[in-house]
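So the chains spell out like this:
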Amino acid sequence: MMDTLKQTEAGLRPERITIPVAVSLEVALWIGLLVLALCLRLANLDMAALSDAEAHEALAAWRFVRLDAAGSMPLVHSPLTFVLNSLLFSVAGASDLLARLPTALLGLGLVFTPLLWRRELGRVTALLAGLFLTFSAAMLVDARTLSPAIGSMLLAVLGLWLFRQFVRTKRPIAAVLATMSAAGVLLLSDPAGFVLLAILGVAWLFASVLSAEDAPQTRPGVWMRVALAAWPWRDAILAAIVLVAIFGTVFLLYPAGLTQVGDVLATGLHGIVSRPEGYLAAFPIWVTLLYEPLLWVVGVFGVWRALRQGAFLGRFLVGWLVGGLLASILYAGAGPEYALWLVIPLALLAADVVADLLRPVIDPIWSVPGWAVPILAMGTAALLAVSTINFVWGARRLATTADLAAVQVDTLHLLLGSMSLLLIVILFFLAGSLWGTRAALKGIALGVVAFLFVQGAASAWRVAVTNLDNPVELWHVHAANRHLGLLRETVDEISYRDNGTADRMAFIAQVPEDGAVAWLLRDYTDLRFVSEVDRRATDPLIVAPETFRPDTLGAAYVGQDFYLTKTWDLGSLRWVDVPLWLLYRESSVAPQVSGRVVVWAREDLYGLPPATTGEEIVP
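Keep in mind that this is a model prediction, so the values were computed, not measured. (Residues numbered from 1 in each chain as written. Predicted model: local features only at pLDDT ≥ 70, side-chain atom pairs only at ≥ 80, totals over all residues. Heavy atoms only, no water.)

What follows is about the nonpolar core. Grouped burial of nonpolar side chains is what soluble globular proteins tend to show. Counting residues in hydrophobic clusters, the biggest one holds 105 residues, and the most contacted among them are Leu110, Met153, Trp320 and Trp341. At 15 residues, the largest contribution of residues to this core is made by helix α18 (residues 340-357). Not counting the four nearest positions on each side in its chain, Leu110 is found in contact with Leu133, Met139, Ile150, Met153, Leu154, Val157, Leu340 and Ile344. Counting 46 residues, the second-largest nonpolar core is a separate cluster that includes Val511, Leu520, Leu564 and Val599. (Core = buried A, V, L, I, M, F, W, Y, C linked by side-chain atoms within 4.5 Å. Buried < 20%, exposed > 50% of the residue type's maximum accessible area, 1.4 Å probe, protein only. Helix = DSSP H or I, 4+ residues; strand = E, 2+ residues; numbered from the N terminus. Contact = heavy atoms within 4.5 Å.)

Here it is in structure tokens:
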């Protein structure tokens, strides 16, 4: 009886439904890459104060959100950044972290764009491209410094993918979105957006010319004419106009913003003939050569491989690289942030080469064990590290020598470094005698790739974080003072002494309304920006350039100076400093401080007894 009841209850009990969950290795690696890229772009994002260029964009959004903010509304250089920051500031307030957050997230999205081309690139190549972009110095610095080039490149890559989707599926929505992306690149993201569109045009022309002898059904001109004939021009152009109107006016809340859209294009056109002060000619090329050696070394082989294989995507990437090189040389306004013009195609081309190196060696003569190539690669990377350490040690001794006539070569470390390189040659011939030349070449090549990857990753973190305020880094022409936030702390302290609050003091500032100092003082709604301080002023606080002296004012003041930027002349580099500078950006010539401002506080607020004269005191 009991057995019958138990069977009846078991029959009435609902069956447990189990859903099998399986995560492939590829998905797990992409998730790991996501976490890693997110950490690299968000870690210590606010450790340094905003530079003048960053503050210009952030202040535009802040003053749009806060109508009572001191100062006039500056013209924005990136409506996309302006809209994103305005939305964020209206919800969460303003800070250095929040000002940089939208650009950092756009940079994170750009890292994962190879996934869009996974079918053409292959799973391994797409994953390697994402890895290279994660640790790219250009990608990391741009994502952490409010660079509009990030948003422009992301829209361009998305537009290319949408265009490909329309060619394949003929869905009108893909064409409409692709047109909107092109409009965003041209008018909403970056002043040099038209240059990026021109680069992509050169890439398509380059690939089309090389593909002219292919089979008729694969000729780009044929499917391009078919695609343009089927393009929903009316809907696409209307959607692009609506997009520009909505973003340009911040969802119709700022009608005057449409004038800024035109100013974005005008600023970009001005860059054709105007080079910013201190910028090198062909700046993007120089910074990629210095900070992205892996992409150049391997990317050159990727160019040869792409041209040899004859696939349209490979030829397009080679054309993109050619167009980026031409733009870097011809466009005078190309700064280091536009290294992305070269980094994106180089990363994809280099990833294809490394993916081929990772494939197992199949040799009809030699039997190659699976562990042979990895062991050979690790040995090569270790020997290269030993060689580099010894050469750097010797280079550091040279750099610390003050008298060039007394320079002595460190023969011991030079010998050890040279022997390590010789051991790599011996290792190649030894491996070739055991497993064949193909396996030996793959092992040595993978070792070089691994070594350059680690060096490049360390260099990327150094230029983006560690040396963010060091102009010895070629990237940072006018390096902003990372400790400029102390100026805000000083002003807050005087405000507390004046009225017991941190941001309710009325004072004057003789500084640019759209610069780094203005951003630091953004919460002081009673702040007045002046072109020249009135000599009769008795304000509790005065912020002015170092040339200003308050000895004739109506009260006595005490001052504390703060520097804004550091500069460094590449021409000051001695020949003995060159090896160490190339590897670690170290130089015996120290950077020079420039652009000082002084915070002048009234003596009674500072806590000093009243002075009988107006003589200033500068600690």
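Together, Val202, Val322, Leu326, Ile329 and Leu330 make up an exposed nonpolar region whose accessible area comes to about 430 Å². Among the elements that take part in the nonpolar patch, helix α17 (residues 312-330) stands out by supplying four residues, more than any other. Take Ile329: it is sitting in helix α17. (Patch = residues over 30% accessible without salt bridge, like charges linked within 9 Å, V, L, I, M, F, W, Y side chains within 5 Å. Areas by Shrake-Rupley, 256 points an atom, 1.4 Å probe, with all protein chains shown as cover. Salt bridge = Lys/Arg side-chain N within 4 Å of Asp/Glu carboxyl O.)

What follows deals with the packing of aromatic side chains. Counted by the stated rule, this structure contains 23 aromatic pairs. Consider the rings of Phe247 and Phe251, whose centres lie 6.1 Å apart with planes at 45 degrees: the pair is tilted. With centroids separated by 5.7 Å and ring planes inclined at 90 degrees, the aromatic side chains of Trp371 and Trp435 adopt a geometry described as edge-to-face. Here Trp371, found in the loop between α18 and α19 (372-399), pairs with Trp435, found in helix α20 (residues 411-435); they are 64 residues apart in sequence, far enough to count as distant. (Phe/Tyr/Trp six-rings, centres within 6.5 Å; stacked < 30°, edge-to-face > 60°.)

A separate point is the pattern of salt bridges. Counted according to the given criterion, the structure contains 19 salt bridges. With its nearest N and O atoms 3.3 Å apart, the salt bridge here joins Asp469 to Arg482. Of the two residues, Asp469 sits in the loop between α21 (437-466) and β1 (479-480) while Arg482 sits in the loop between β1 and α22 (485-499), which places them 13 residues apart along the sequence. Residue Asp469 shares its accessibility class with Arg482, and that shared class is buried. In the salt-bridge network here, residues are joined through shared partners; they are Arg305, Asp352, Asp356 and Arg359.

Taken in spatial order, the six strands line up as β1-β5-β6-β4-β2-β3 in an open sheet, and their pairing is mixed. Looking along the sheet, the strands with just one partner apiece sit at the ends: β1 and β3 (528-529). The sheet contact formed by β1 and strand β5 (residues 557-567) spans two bridges and is antiparallel. Its bridge partner lying in β5, Ala479 is registered against Lys566. Of the strands in this sheet, β4 (541-545), β5 and β6 (592-602) are in contact with α22, which crosses β6 at around 5 degrees. (Pairing = 2+ DSSP bridges. Axes fitted to C-alpha atoms, helices over the stretch in contact; angles between N-to-C directions.)

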